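# Reading the structure
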Amino acid sequence: MEFHSSVPAGNYSGIARIGGNEYAVVSDKSVSDGFFVFEIDVDSVSGEILDVRNKGFMSGNTRAGDCEGIVFRRSSGTFFVSREADASIVEYASDGKETGRKLCVPPVFLKSGDGSRSSGMGNYGFEALAYDENTHTFWTMNESTLKSDGQQATSQNGVKNILRLQSFGDDLMPLEQYVYVMDAPEAHSKASEYAMGVSELVALGNGRLLVLEREFYVPKLKLGAFVQCKIYEIEPGKEFVLPENAVIGEDTKYLPKRLVHSFKTKLGIFNKSIANYEGMCLGPQLADGSVALILVSDSQNQYKGVLKDWFKSVIIRLDR
């Protein structure tokens with residue numbers, strides 16, 4: 001169920017529910033760091049999104065860091081934002097100002113292929129971010145394969161991205177690491193624009209996570225462009241923990257995954273509803289006990305009047 005929002009054009013890349021109908025939303029093109037506060041009304045029976053309103057931007061007026069993902073930690077009343085520009089995950093107060101605290105990111109995510117301390121992720125860094133209130137655990141994942149782990153998927157090579165899922169405790173220190181393998185790309189020809197990676201994680205509160213795999217393909221002539229989104233469920237367990245400093249190889253145990261939902265948007269002569277969904281979070285519980293999963297797309301500031309700011313709800317059940 002998709003909703004075309006009338007909120008100001010944006011580059012909305014991450015979303016987190018604060019409570020009630022209030023959500024925090026980040027943009028990867030903001031001039032200053034911080035987050036928007038949105039009101040999103042959802043029908044309590046169907047899960048359909050009824051309205052979306054932008055209530056304003058909360059910011060400490062510090063330089064933007066390519067904000068991609070956001071979570072709200074209820075116990076501290078603070079927000080954590082994944083920033084792709086400096087490969088960091090930083091804490092913000094409710095007024096949008098940095099608290100000075102951040103997650104301690106393991107060196108494997110920071111070293112480039114030549115061993116330098118610069119980010120090894122480049123423009124495929126931390127987009128996905130989740131927090132589990134029940135287990136007090138943060139989760140993140142590199143969007144595409146690290147330079148030290150192999151080749152990244154392109155629209156022509158058919159390579160499956162191999163990603164590292166990292167957990168952190170409430171003390172902001174790293175815990176376990178796991179290996180997640182994406183599906184092979186659907187695209188098989190040269191692209192003018194292409195992105196293939198995991199753009200979001202959602203903690204379900206029962207030890208499981210949802211993973212949003214996203215493939216964005218744009219051919220030279222634009223028509224035929226598509227975004228393929230697949231939502232998988234995973235359950236990180238001790239038997240899949242990657243040993244510290246381990247090299248990913250043939251003996252590595254990959255996390256099993258179960259497809260929950262998939263959808264595709266396209267750009268054609270009569271179809272211009274293409275939407276690059278990047279943000280995802282749990283929304284309200286519905287009358288039948290199911291939950292509305294809320295997704296937000298990045299319109300690249302409503303690029304050339306073709307892309308729009310879409311919001312989408314997907315209905316899931318957590319009682320399995």
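First, a word on what this report is: a plain description of the structure on this page. All of these numbers come straight from a predicted model, not from anything done at the bench. (Residues numbered from 1 in each chain as written. Predicted model: local features only at pLDDT ≥ 70, side-chain atom pairs only at ≥ 80, totals over all residues. Heavy atoms only, no water.)

With that settled, the discussion passes to the side chain of D33. Within the secondary structure layout, D33 lies in the loop between β3 (22-27) and β4 (35-42). One polar contact links D33 to R83, side chain to side chain, over a distance of 2.7 Å. (Helix = DSSP H or I, 4+ residues; strand = E, 2+ residues; numbered from the N terminus. Polar contact = N/O pair within 3.5 Å; in protein donor to acceptor, adjacent residues only side chain to side chain.)

In this structure the tally under the stated criterion is 13 aromatic pairs. Ring centres of Y12 and F36 lie 5.7 Å apart, and the angle between their planes is 90 degrees; this geometry places the pair in the edge-to-face category. In this pair, Y12 sits in strand β2 (residues 12-19) while F36 sits in strand β4, placing the two residues 24 residues apart along the sequence. Of the two residues, Y12 and F36, neither departs from the other in class, the shared state being buried. Here the aromatic residues Y12, F36, F38, F57 and F311 are joined through ring pairs into a cluster of three or more. (Phe/Tyr/Trp six-rings, centres within 6.5 Å; stacked < 30°, edge-to-face > 60°. Buried < 20%, exposed > 50% of the residue type's maximum accessible area, 1.4 Å probe, protein only.)

Moving on, we get to the pattern of salt bridges. Counting across every chain of the model gives 21 salt bridges. In this structure, the salt-bridge partner of R73 is E91, at a minimum N-O distance of 3.6 Å. Of this pair, R73 sits in strand β6 (residues 67-73) while E91 sits in strand β8 (residues 88-92); the two residues are 18 residues apart in sequence, bridging distant segments of the chain. The burial state of R73 is the same as that of E91; both residues are buried. (Salt bridge = Lys/Arg side-chain N within 4 Å of Asp/Glu carboxyl O.)

Right, let's get into the environment of N206. For N206, the location among the structural elements is in the loop between β14 (193-203) and β15 (209-218). On a C-alpha basis, the gap between N206 and T135 in space is 8.4 Å, while along the polypeptide they are 71 residues apart. Separated by 3.1 Å, the side chain of N206 and the backbone nitrogen of R208 make a polar contact.

On to the pairing of β14, then. Across the eleven residues that make up β14, a large majority, nine, are buried. Taken together, the ten bridges between β14 and β15 define a ladder with antiparallel strand orientation. Directly across from E200, in β15, lies its bridge partner L212. Between β14 and β15, which pair antiparallel in sequence order, lie five residues; one of them, G205, sits at a positive phi of approximately 85 degrees. (Pairing = 2+ DSSP bridges.)

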